[in-house]
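Overview (structure and organization)
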Amino acid sequence: MKFRKVSAVVFAATATLSMAACSGSSSGTSSGGSDGSSFEFWSFTGINAKGSAAEYKKIKPNVQIKLTEVGNAQETAQALTTALAGGKVPDLVLIQGDDLPKFVQQPQNFVDLRTMGADKIKGDYLDWVISQPTAKDGSIIGIPTDVGGMAIAYRTDLFKEAGLPTDREEVGKLWPTWDAFIETGKKYTAATGKAFLDNASTSIYSQVVNQGQEKYYDPAGNLVYDKSPQVKAAFDEALKAVAAGITAKQSSFTDGWSAAMKKGDFAVVAAPVWLLGAIRDNAPDTKGKWDIATIPGGSGNWGGSFLAIPKGAKNPKAAWEYIAATQSPQGQLDHFAQARSLPATPSVYKDPKLTSVKDPFFSGAPIGTIYTNSLLGLKPFLIGPDSTTIGTEFGNAIQNVEQGKGDPAKAWDAAVTNIKNAIGG
Amino acid sequence: MTTSIRPAKKALAPSAPVKTTRAGLTEIVAPYAYIAPFFVLFAIFGLIPLLFTFYVALFDWNPIGEHVFVGLDNFTRLLQDGRFWNAARNTVSIWVLSTVPQLLVALVLAHLLNHVRLRFAVLFRMSMLVPYITSVAATAIVFAQMFDRDYGLLNWLLGLVGIGPIDFIQSVAGSHALIAVMITWRWFGYTALLYLASLQAVPRTIYEAAAVDGAGNVRQFLHISIPALRPVIVFTIVTSTIYGLQTFTEPLLIARSAPSTCGPIRQCQTLTLFLFEQGFTQFKFGYAAAIGVALFVMVVAFAALNYFLSTRTRPERA
């Protein structure tokens, strides 16, 4: 009898376990109300999502936001992929621009925000930004929350040592083109014996390639990465900088890059607005030694995020109300004043609230004006399913030459071969 | 299964003869119930995912889009994919570079720690486990910093004796060596303890007799310790092969500029990292599953080879 009891318990336990495991994906459907006064929101860590949610609670005190900071941007996108595949999705999710294309390729997973009223507000945003979450069938799956903008952050103290001008207007005039930028770098390196720029793949290739009208796909969606003059020009420009010996060979966000920034081993870095925070945290001792000048070519963008509502969301209405309230031009302007995330809405670019922001860490540079100016020259171009892969392979080829392992004469062909391999074309 | 429950039945039969059918049923069912938790959990978390992987490998499988049946296309593509063979080469190279020194160091250490006159033996034995209980991620980050080209401790030391900075992480040989050092550092203590445990089962009298006969430390090591350890050595080779083929965290964390390829030219991308790249950064689940199947076949083949060799080289019993 004792045996029987024990075995019964064991059976019960295993049965429960197996049932729990099998029903894991469907058990979630019963939880959470759909009364319109609460919604579930997945965001990234490190961007003060809690603050944004708290702000919203001030306007709408009776709305409950179930906020989850899933992880960094990439981890959030991975979690979203799993959630979409499994069926239990949040009501609102933040997606970083780099991760957006693979979701835009599968718009059936998301609520077409035109049905919620996105058609009426889409004119508020920069055309090349709102084109990114717009799918082939015309549906809009995301609303931009911010953009990166591009500028060159440089060390005034190191420029002075090298005999270069330090005033941000004059520095901007040193490099109307990328060729002039590389020439300035040569002068700096000749005078100081130190590297001018952090690396060529991020600070040159990724910038130049985004300044054209066409990137890896033509407007009809055909792959043109191996024929596009803009891509080739960007690639050659990066190799030119490598050949000139002006780069510190420090790939962005590596330990060496952080250490070099602290030690002043490079004087210049191409910086989107969100990178300013990284410089501030990374090298606090360099406060006041930095300034910000216009990027060669005048325009550029790196980064930016989008809010989307998955198709299976239980509270799409509450989620949309949040988007409409917080991502209006005024909402984005307020957020810039607080958190320095650059608005994607050009109507506020002349607002004194934006133009008056000056950053003491960067010698009082008017970051609102500098960064929004860099956004106005950009053109929309088609981003396809393999854009990220193609960009990574070109960047890797440049890195390989920069690290002294690759032959610059063969780098382009090698990159194209690798891309064909990677995208299975 | 049936052979394993029969002895139990036999053993129970004389003391408690089976009378009612209910009791008989219990006795038949009970052993299965006892082992059920493992097998049920194994089926859920091991077997079913494994079989599902074989299934997914036959598709062009987008996790949030369409699943198109492509038959064996993923496998034919894989066999022609230079990146796959590169990853396979890297994996084997890192495995050899990490396993051989690790087992040798562990053997010698175990022999030394088994010495009778060693003081603080427990302290030494325990401290060897510290690398093993340290988080792999922490190990990888610290080692990557030590081996850094411009600001690393190692290159600073090399610089003192006039050797120019070596870019370990960006070169094929350097990155493999770095990963091998990390794996060796992590596992040598654990392996040494396995050997030590086995050595302690060897009667002291054998060593004493050898010493009386004039055998020195080295001869004792070669002629007593190693033959005694043969089964454990085979076991550690098999386990380190299986772990070695699955090396993942170290390569993911050392090349921060291109983590999922372990550097711009995939110089240290292992098979599992290639699987991760295809599955979770490119979202080609079908192709990633095919890599998983290939890896499975390789592990089985290596394990079979090890088994074959170990049964062949079993020492003759005296």
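Residues numbered from 1 in each chain as written. Chains lettered and ligands numbered in written order. Predicted model: local features only at pLDDT ≥ 70, side-chain atom pairs only at ≥ 80, totals over all residues.

Describing the overall build of chain B
Scanning chain B from N- to C-terminus turns up 14 helices and two strands. Sorting the 318 residues of chain B into buried and exposed places 31% on the buried side. Contacts in chain B between residues far apart in sequence, at least 24 positions, make up 67% of those at least 6 positions apart. (Helix = DSSP H or I, 4+ residues; strand = E, 2+ residues; numbered from the N terminus. Buried ≥ 20, exposed ≤ 12 C-beta atoms within 10 Å, placed from the backbone. Contact = placed C-beta atoms within 7 Å.)

Concerning the overall build of chain A
Helix and strand counts for chain A stand at 19 helices and eight strands. Relative to the globule expectation of 22 Å for 425 residues, the C-alpha radius of gyration of chain A, 24 Å, shows essentially globular dimensions. Projecting the C-alpha coordinates of chain A onto the three principal axes gives extents of approximately 90 × 50 × 50 Å. Each of the 425 residues in chain A was classed as buried or not, and the buried ones make up 46%. Pairs at least 24 residues apart make up 76% of the contacts formed inside chain A by residues separated by at least 6 positions. (Rg over C-alpha atoms; globule rule 2.2 N^0.38 Å.)

Concerning the interface of chain A and chain B
Contacts between the two partners involve 31 residues from chain A and, on the opposite side, 34 residues from chain B. Elements that contribute at least two residues to the side of chain A that touches chain B include exactly helix 1 (2-22), helix 3 (73-86), helix 12 (255-263) and helix 18 (387-402) of chain A. It is helix 1 of chain A that contributes the most residues to the side of chain A that touches chain B, nine residues altogether. Its residues placed into classes, the side of chain A that touches chain B shows ten nonpolar, 17 polar and four charged. (Nonpolar A, V, L, I, M, F, W, Y, C, P; charged D, E, K, R; others polar.)

Things to note about the domain arrangement of chain B
Assigned domains of chain B: these are domain 1 (2-56) and domain 2 (81-312). Each of domain 1 of chain B and domain 2 of chain B has a C-alpha centre, and these two points are 38 Å apart. (Domains from an automatic or database assignment.)

Focus on the nonpolar core
A:Ala151, A:Tyr205 and A:Ala238 are the most contacted members of the largest nonpolar core, which has 80 residues in total. No other element matches helix 11 (residues 229-244) of chain A, which puts seven residues into this core. There are two domains that each give this core at least three residues, and those are domain 1 (35-147 + 303-348) and domain 2 (150-300 + 360-423) of chain A. A:Ala238 has contacts with A:Ala200, A:Ser201, A:Ile204, A:Tyr205 and A:Ile398, leaving out every residue within four places of it along the chain. Of all hydrophobic cores here, the second largest spans 57 residues; its members include B:Met128, B:Ile254, B:Tyr287 and B:Ile291. (Core = buried A, V, L, I, M, F, W, Y, C linked by C-beta atoms within 7 Å.)

Quick notes on the sheet that holds strand 2 (residues 64-71) of chain A
Residues and elements named next belong to chain A. Taken together, five strands build an open sheet; the order of strands is 2-1-3-8-4 and the sheet is mixed. Of all the strands in the sheet, just strand 2 and strand 4 (142-147) have a single pairing partner and so form its edges. Shown here is a sheet whose adjacent strand axes are inclined to one another by a mean of 25 degrees, direction ignored. Two strands pair when backbone bridges link them, and strand 1 (residues 38-44) and strand 2 are joined in this way by seven bridges, in the parallel orientation. From the neighbouring strand, Glu40 faces strand 2, where its bridge partner is Lys66. (Pairing = 2+ DSSP bridges. Axes fitted to C-alpha atoms, helices over the stretch in contact; angles between N-to-C directions.)

Brief notes about the packing of helix 2 (residues 49-59) of chain A against helix 14 (residues 316-326) of chain A
Residues and elements named next belong to chain A. Between helix 2 and helix 14, the shortest axis-to-axis distance is 11 Å and the interhelical angle comes to 95 degrees. Classified by the angle their axes make, helix 2 and helix 14 are roughly perpendicular. Contact residues: helix 2 offers Ser52, Tyr56 and Ile59, while helix 14 offers Tyr322, Ala325 and Thr326. (Parallel < 35°, antiparallel > 145°, perpendicular 65-115°, else oblique.)

Quick look at the pairing of strand 8 (residues 304-308) of chain A
Residues and elements named next belong to chain A. Across the five residues that make up strand 8, a large majority, five, are buried. Of the two faces of strand 8, both are covered, the one formed by Gly304, Phe306 and Ala308 as well as the one formed by Ser305 and Leu307. Strand direction decides the pairing type here: strand 4 and strand 8, joined by five bridges, are antiparallel. Within strand 8, the residue paired with Asp146 across the bridge is Ser305.

A short note on the UniProt feature "domain: ABC transmembrane type-1" (unreviewed entry) in chain B
As annotated by UniProt and renumbered to match this structure, "domain: ABC transmembrane type-1" (unreviewed entry) occupies residues 88-306 of chain B. Spanning residues 88-306 of chain B, this segment combines 74% helix with 0% strand, and its end C-alpha atoms are found 19 Å apart. (UniProt positions renumbered as here; feature names shortened; annotations may be inferred.)

Quick word on the domain arrangement of chain A
Reports often express the size of an interface as the amount of accessible area lost when the parts come together. All names here are of chain A. Segmentation of chain A into domains returns domain 1 (35-147 + 303-348) and domain 2 (150-300 + 360-423). Taking the mean C-alpha position of each, domain 1 and domain 2 sit 29 Å from one another. If you list the elements that add at least two residues to the side of domain 1 that touches domain 2, you get helix 4 (100-104) and helix 6 (127-130). For the side of domain 1 that touches domain 2, the class distribution of residues is six nonpolar, four polar and four charged.

Some remarks on the UniProt feature "transmembrane region" (unreviewed entry) in chain B
All names here are of chain B. The positions that UniProt labels "transmembrane region" (unreviewed entry) are, in the present scheme, residues 32-58, 92-114, 126-147, 177-197 and 285-309. The span residues 32-58 shows a helical share of 93% and a strand share of 0%, and its end C-alpha atoms are spaced 35 Å apart. In residues 177-197, the share of helix is 100% and the share of strand is 0%. The end C-alpha atoms are 29 Å apart.

Digging into the sheet that holds strand 5 (residues 150-155) of chain A
Residue and element names in this part refer to chain A. The three strands lie next to each other as 6-5-7, forming an open sheet whose pairing is antiparallel. The open sheet has two edge strands with one neighbour each: strand 6 (268-272) and strand 7 (290-293). Along the sheet, successive strands turn relative to each other by an average axial angle of 35 degrees, direction set aside. Two elements, strand 5 and strand 7, share four bridges in a ladder whose sense is antiparallel. Bridging from a neighbouring strand, Tyr154 pairs with Asp291 of strand 7. Those strands touched by helix 17 (residues 367-376) are strand 5 and strand 7, and its axis lies near 135 degrees from that of strand 5.

Brief notes about the confidence of the model for chain B
Residues and elements named next belong to chain B. Looking at chain B as a whole, its pLDDT mean stands at 87, while 91% of the residues score no less than 70. For residues 1-14, every residue scores under 50 in pLDDT, and the model assigns this stretch four contacts once sequence neighbours within four places are set aside. If you check the scores for this complex, the pTM reads 0.83 and the ipTM reads 0.80. (pLDDT = per-residue confidence, 0-100.)

What to know about helix 18 of chain A
Residues and elements named next belong to chain A. A rise of 1.5 Å per residue sets the reference length of helix 18, with its 16 residues, at 22 Å; its end C-alpha atoms lie 23 Å apart and thus fit the reference within 8%. Of all the 16 residues making up helix 18, 14 are buried; the element is thus mostly covered by neighbouring parts of the structure. Where helix 18 terminates, the next one or two residues include Gly404, which has phi positive at roughly 85 degrees. (Expected span 1.5 Å × (residues − 1).)

Regarding unusual backbone geometry
Notably, A:Ser363 is not glycine yet its phi reads approximately 55 degrees, a positive angle. Along the chain, A:Ser363 turns up in the loop between helix 16 (352-355) and helix 17. Here A:Ser363 falls in the partly exposed class, since 17 other C-beta atoms lie within 10 Å of it. Positive phi, normally seen in glycine, also occurs at B:Arg266, with a value near 55 degrees. Here B:Arg266 is to be found in the loop between helix 12 (249-254) and helix 13 (271-281).

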